[in-house]
Amino acid sequence: MSASRTEDLHGAAAPARAPFSLGELVRRRPESITFALLVAICVIVAIANPAFLQPSTLIDIGRASVVMGLFALGVFVILAAGGIDVSFTAIAAFAMYSMTVLVQSYLPGLPIVVIILMATLGGALLGIINGLLVHHLKVPSLIVTIGTQYLFRGFLLSFIGTVWIMSLPPQMGAFGRMPLVQFESANGALITLPFYFLVLPVAAFVTWWILNRTLMGRAIFAVGGNADIASRLGYSLRTVHVFLFGYAGALAGLAGIIHVCANRQANPFDLVGTEISVIAAVVLGGARITGGTGTVLGTLLGVLLIVVLNSVLVLVGIPSTWQRLVVGSFILLAAAFFVTRQRKK
Amino acid sequence: MAAQAHSAKQSASLLELRNIQKWFGGVHALRGIDLTLQPGEAYHLLGENGCGKSTVIKIMSGAHAPTSGEIVLDGETFSSLTPIQSLAAGIETVYQDLSLLPNLTVAENVALSEQLVNAGGRLALLFDRKRLKETAERALAAAGLPTDRAFLNTIVSDLPLASRQLVAIARAIATRAKLVIMDEPTTSLTRREVDNLIRVVERLRSENVAVLFVTHKLDECYRIGGYAVVFRDGQCVAQGPIETYSKKELAELMTGRSIDAQRYRTGKPSDAELLKVDRLVAEGVREMSFSLKKGEILGITGLADSGRNELAMALAGVAPATGGVVTLDGKTVSMRSPAEAIARGIGYVPEDRLAEGLFLDKSIFENEIALIVSRLANSLGVVDREEGRKIAARLSEEMRLNTKDLNLPVGALSGGNQQRVLIGRWLSIAPKLLVLHGPTVGVDVGSKDTIYRVIQALAEAGMGLVIVSDDLPELLQNADRILVMNNGRVVAEMDAGRATEDELYKAMLTTATESAQ
């Protein structure tokens, strides 16, 4: 075997042609672990409590995934370029609360489409501020976004308001209730998969398309692989940074407005504080925290995993306070698994 | 034949540098360089570290602007180039660090640049996946690499270093280069891989692409042929067909002094045994046994995957052995960590001195005393800097460092001087056994000479030395005995005074099963 290895440069050049093995699959597609975990949990829960398989539970999970999923897509795109963002929840809170106040107090007739677009654009603008700061200050994005998280949130609470808005403008509430699928369950209750659920698969597709079909997508991964080399090869770091944080900001703004519509109330203190679980979902989906890797599918699986854990533990009689223990152990397990796989190489 | 081609194309030179001067602050790095490159010709830019080779390359690739002088490119005269002008004119540089993106696939690394350049650097465009694949296949084939789907989709960080080198070259030729500059392309390659690289260069030349090498390996320059361009102190001191110069002449031109390329080894080992390795097992090393006398220099070589690197790291405790018995000076020792190896009197000069050996942003002084800080400290833990400074000064002098300023960061030194600092550090604790792993990788001729003299002096003083290297002349010139490894075992043992490079090379390719028969 060694003889053939030393004799044949081509053989040495393509170790990837090894026969199929589980280890190789996990190394190349770490999200397969996430998928396996997810399936395992679902099977166990379904056996322990068949109520899990009721449409209402599944629809709850789908509904609960939307906001976190949008956040996670943004975090993933930034992670792919080797950065990190912790300001997205503040951007979302800023966009949702300002828009609600704006519509309620000044523009009550604004159509919902315009409201959503404005929140998304507003989020993009705040994200672009992040991008410009990261690029021009040459400070790690973690530090920059910790700073802007405080800034955005402080600005919101000091200048826009701290009042909990309990009754939304009607068009926003209507959007939150608009059904995509609706049917009656066995016990006669009306079960609704809301229309806004569609936003997540659409956003996921757009993100996948940008990352895999455009030069910008390749540039994002190139910067995540090695920013210095990428810039030497002619990729404009400034363009990449601005786009990346702008895009994540837009997703955050969108997530914010959907959060408001879905909950039918606007709490300016909401959302901030959930950053870590979103980042955890992305990492559980196989993206390396050091950047340059990961997939949209993995990110969605990571989100599903966290959402399922959050919602099903109760079904099998595990106290909800245990969620954190379980999520924490999963993150450590998955991380240890990915790392040992990478070292094997 | 090379000369013919040269004269035939005299009229249409590819690139011409006229009286290029370059100052960096107060340093006169280039003192009037005149250089003409013809299409389809090979050039070897030779010279010691710091002679201005890399500055010239950077002027050609547009990374630096010359202080004065002219650059003539395709008949047009420039006072300086931008990277885009240089690339657009077909000048491609394969840097020593390869500049590959580790997380992208081979195909993307090779062919994405073309699309980026065609897009004018704008990113809001789709990329053409069909074109990407076609360009990658064409370029990989030209570089002698596989073009199947599995290889195209391999992530670059999964490739062995040698293939990465070829992938970097494939990228350079994917954009239809006219001049490919290669900065020390063969440093990390084994002989077989070098053969492949040479074939690639021949193919490029046959397609009228000029190739400019920057290298320290004269043997390869002779094999490739073409023109030698020798730099010394920012001046071009010789230019001409390489076969008209002997190795000795080139070395003298580079250093400006006469270098003796004969055998350095003159001393004899003592009779007392220093090291006995009995059936050592480590990852890639299978039951290896050998011994070493006090004052003996043992060379160990083999192909990159022969286990030679792992053996060196096992002896130094960097990647500890998993089995076998090591006896040093009559005592059984184990090296489970570098600290333990040091405590037993085993020093290790790693192959990758930048990553493993030196604190680049720290001063020469701090690097030299790194191993003896605890000895220099008093009972309160305060380090006696005066004493340390004296020791560092003595070591620097013994190692003939080219600077007296011990506060200079090591990162500012040339490769040869960095290596001297690293070896000097070991002298501070006078180990019984010193394992040198590729001691002159990326080191120029003058520094090599100094390092070899120091190695001999150490053996003379009774230290045992193990040199693990793929530089065969180095082993033949310095060692008493040479062990050749293959597949984790010793397949041949030779007397360095009598062996030849060919014999060693043949032994390197012998597999363990063949040698057992």
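It should be emphasised that the depicted structure is a prediction, and the values quoted were computed from it without experimental measurement.

### Digging into the overall build of chain A
Assigned secondary structure in chain A consists of 16 helices and two strands. Its C-alpha radius of gyration of 22 Å places chain A within 12% of the 20 Å reference for a compact globule of 345 residues. Taken along its principal axes, the extent of the C-alpha atoms in chain A is 80 × 55 × 35 Å. In chain A, which comprises 345 residues, the share counted as buried stands at 45%. The contacts in chain A between residues at least 6 apart in sequence include a share of 76% that link residues at least 24 apart.

### What to know about the sheet that holds strand β11 (residues 273-282) of chain B
Adjacent strands of a sheet pair through backbone hydrogen bonds, lying either parallel or antiparallel. Residues and elements named next belong to chain B. An order of β12-β11-β14-β15 is seen for the four strands of this open sheet, with the pairing classed as antiparallel. Looking at which strands have only one partner, the edges of the open sheet turn out to be β12 (285-293) and β15 (331-333). The mean angle between the axes of side-by-side strands here comes to 20°, regardless of whether they run parallel or antiparallel. In this sheet, β15 lies alongside strand β14 (residues 323-328) in antiparallel orientation, the contact comprising three bridges. Bridging across to β15, L328 finds its partner in K331.

### Points about the domain arrangement of chain B
By domain assignment, chain B separates into domain 1 (1-80 + 211-255) and domain 2 (273-358 + 432-516). Between domain 1 of chain B and domain 2 of chain B, the C-alpha centre-to-centre distance is 37 Å.

### Some remarks on the sheet that holds strand β6 (residues 91-94) of chain B
All names here are of chain B. Pairing is mixed across the open sheet formed by six strands, whose spatial order is β6-β7-β8-β3-β9-β10. The sheet is open, and its two borders are formed by β6 and β10 (235-241), each paired with just one other strand. Strand-to-strand twist across the sheet, computed as the mean angle between neighbouring axes with direction ignored, equals 15°. Sheet topology places strand β3 (residues 42-46) next to strand β9 (residues 227-232); four bridges connect them, and they run parallel.

### Regarding the packing of helix α10 (residues 199-213) of chain A against helix α11 (residues 215-225) of chain A
How two helices pack is summed up by the angle between their axes together with the distance between the axes. Residue and element names in this part refer to chain A. Running from N to C, α10 and α11 point in directions that differ by 75°, and their axes come no closer than 4 Å. When the interaxial angle is binned, α10 and α11 end up roughly perpendicular. Each of I210, L211, N212 and R213 in α10 lies in contact with α11, whose residues at this interface are M216, G217 and I220. For the contact of α10 with α11, the class distribution of residues is four nonpolar, two polar and one charged.

### Describing unusual backbone geometry
Most peptide bonds take the trans configuration, and most residues that are not glycine carry a negative phi. Residues and elements named next belong to chain B. A positive phi angle is found at N208, which is not glycine, with a value near 70°. For N208, the location among the structural elements is in the loop between α8 (191-206) and β8 (210-214). Unusually for a residue other than glycine, R279 sits at a positive phi of about 50°. Structurally, R279 can be placed in strand β11. When the 12 C-beta atoms within 10 Å are taken as the criterion, R279 is described as exposed.

### Quick look at helix α15 (residues 296-312) of chain A
With 17 residues, α15 of chain A extends 24 Å between its outermost C-alpha atoms, agreeing within 8% with the 24 Å of an ideal straight helix rising 1.5 Å per residue. With 14 of 17 residues buried, α15 of chain A is to be regarded as a mostly interior element.

### Considerations on the nonpolar core
Ranked by size, the top nonpolar core spans 185 residues in total, and within it V75, I220 and I257 of chain A together with A170 and V180 of chain B carry the most contacts. With 16 residues, helix α13 (residues 237-263) of chain A is the largest single contributor of residues to this core. Among all residues touching I220 of chain A, those that are not within four sequence positions of it are V77, A80, A81, L211, V240 and L244 of chain A.

### Some remarks on the environment of G83 of chain A
Residues and elements named next belong to chain A. Positionally, G83 belongs in the loop between α5 (55-80) and α6 (88-105). Judged by the 27 C-beta atoms lying within 10 Å of it, G83 is buried. Measuring from C-alpha to C-alpha, the distance between G83 and S167 comes to 38 Å, with 84 residues separating the pair along the chain. Residues contacting G83, with those up to four places away along its chain left out, are I78, V134 and S141.

### Focus: the pairing of β3 of chain B
All names here are of chain B. With five of five residues buried, β3 lies mostly within the body of the structure. The side-chain alternation of β3 yields two buried faces, one formed by A42, H44 and L46 and the other by Y43 and L45. Alignment of β3 against β8, held across four bridges, turns out to be parallel. Among the inter-strand pairings, L45 is bridged to a residue of β8, identified as V214.

### Section: the packing of α6 of chain A against α13 of chain A
Residue and element names in this part refer to chain A. In contact at an axis separation of 7 Å, α6 and α13 are set at 50° when each is read in the N-to-C sense. Classified by the angle their axes make, α6 and α13 are oblique. The element α6 and its partner α13 pack so that their crossing is right-handed. Where α6 approaches α13, its residues F88, I91, A92, A93, A95, M96, M99 and T100 are matched on the opposing element by A248, G249, A252, G253, A255, G256, I257, H259 and V260.

What counts as what
- Residues numbered from 1 in each chain as written.
- Chains lettered and ligands numbered in written order.
- Predicted model: local features only at pLDDT ≥ 70, side-chain atom pairs only at ≥ 80, totals over all residues.
- Helix = DSSP H or I, 4+ residues; strand = E, 2+ residues; numbered from the N terminus.
- Rg over C-alpha atoms; globule rule 2.2 N^0.38 Å.
- Buried ≥ 20, exposed ≤ 12 C-beta atoms within 10 Å, placed from the backbone.
- Contact = placed C-beta atoms within 7 Å.
- Pairing = 2+ DSSP bridges.
- Axes fitted to C-alpha atoms, helices over the stretch in contact; angles between N-to-C directions.
- Domains from an automatic or database assignment.
- Parallel < 35°, antiparallel > 145°, perpendicular 65-115°, else oblique.
- Nonpolar A, V, L, I, M, F, W, Y, C, P; charged D, E, K, R; others polar.
- Expected span 1.5 Å × (residues − 1).
- Core = buried A, V, L, I, M, F, W, Y, C linked by C-beta atoms within 7 Å.
- Left-handed = near helix turned anticlockwise from the far one by under 90°.

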